[in-house]
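# Observations on the model geometry
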Amino acid sequence: MDIKDNLFARQFETITEKGLVSVEYQLQEKKIFLTKINLPDAFDNEAFISDFLKEILEIISERKQKAVPILPKIVQFFKKNPVYKELLPPGIRI
């Protein structure tokens, strides 16, 4: 999966056959607040979204940043994938 960090739009992006899929974020010091998932119309591939989030979290990990999930769907992802909880900043529990 080819993921682009669009710094201008503050979102991670990838292109699918149905169009652009993106996760918007806000950057604050060494934390990335994951705020919104944008999907093309009629896109409901949960496995793809999960893989996309895993790739984004790998990028965040490589940058030695922390992830703060704001969107409930992303919070659910962290609950289902506890291996990524190490990317949460101190004091954030899910």
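A brief look at the structure comes next. It should be emphasised that the depicted structure is a prediction, and the values quoted were computed from it without experimental measurement.

## Comments concerning the sheet that holds strand β3 (residues 19–28)
The strand order across the open sheet formed by five strands is β1-β2-β3-β4-β5, and the pairing between neighbours is mixed. In this open sheet, the two edge strands, each paired with only one partner strand, are β1 (4–6) and β5 (66–69). Sheet twist, expressed as the mean angle between neighbouring strand axes with direction ignored, is 30°. Pairing of strand β4 (residues 31–38) with β5, which is carried by four bridges, proceeds in the parallel orientation. The residue bridging K31 from the neighbouring strand is K66, located in β5.

## Quick notes on the side chain of N6
When you line up the elements, N6 lands in strand β1. Beyond its immediate stretch of four places on either side in the chain, N6 contacts Q11, E13 and Y25.

## Describing helix α1 (residues 46–62)
Its 17 residues give α1 an end-to-end C-alpha distance of 24 Å, which sits within 8% of 24 Å, the value for a rise of 1.5 Å per residue. Listed in full, the buried residues belonging to α1 are F48, I49, S50, F52, L53, I56, L57, I59 and I60. In this fold, the buried residues of α1 make contact with β2 (11–16), β3, β4, β5 and α2 (72–80). Sitting at the head of α1, N45 places a side-chain oxygen 3.3 Å from the backbone nitrogen of A47. Downstream of α1 by one or two residues, K64 has phi in the positive range, about 60°.

Each value, and the rule that gives it
Residues numbered from 1 in each chain as written. Predicted model: local features only at pLDDT ≥ 70, side-chain atom pairs only at ≥ 80, totals over all residues. Heavy atoms only, no water. Pairing = 2+ DSSP bridges. Helix = DSSP H or I, 4+ residues; strand = E, 2+ residues; numbered from the N terminus. Axes fitted to C-alpha atoms, helices over the stretch in contact; angles between N-to-C directions. Contact = heavy atoms within 4.5 Å. Expected span 1.5 Å × (residues − 1). Buried < 20%, exposed > 50% of the residue type's maximum accessible area, 1.4 Å probe, protein only. Polar contact = N/O pair within 3.5 Å; in protein donor to acceptor, adjacent residues only side chain to side chain.

All we've got here are geometric facts, nothing functional implied.
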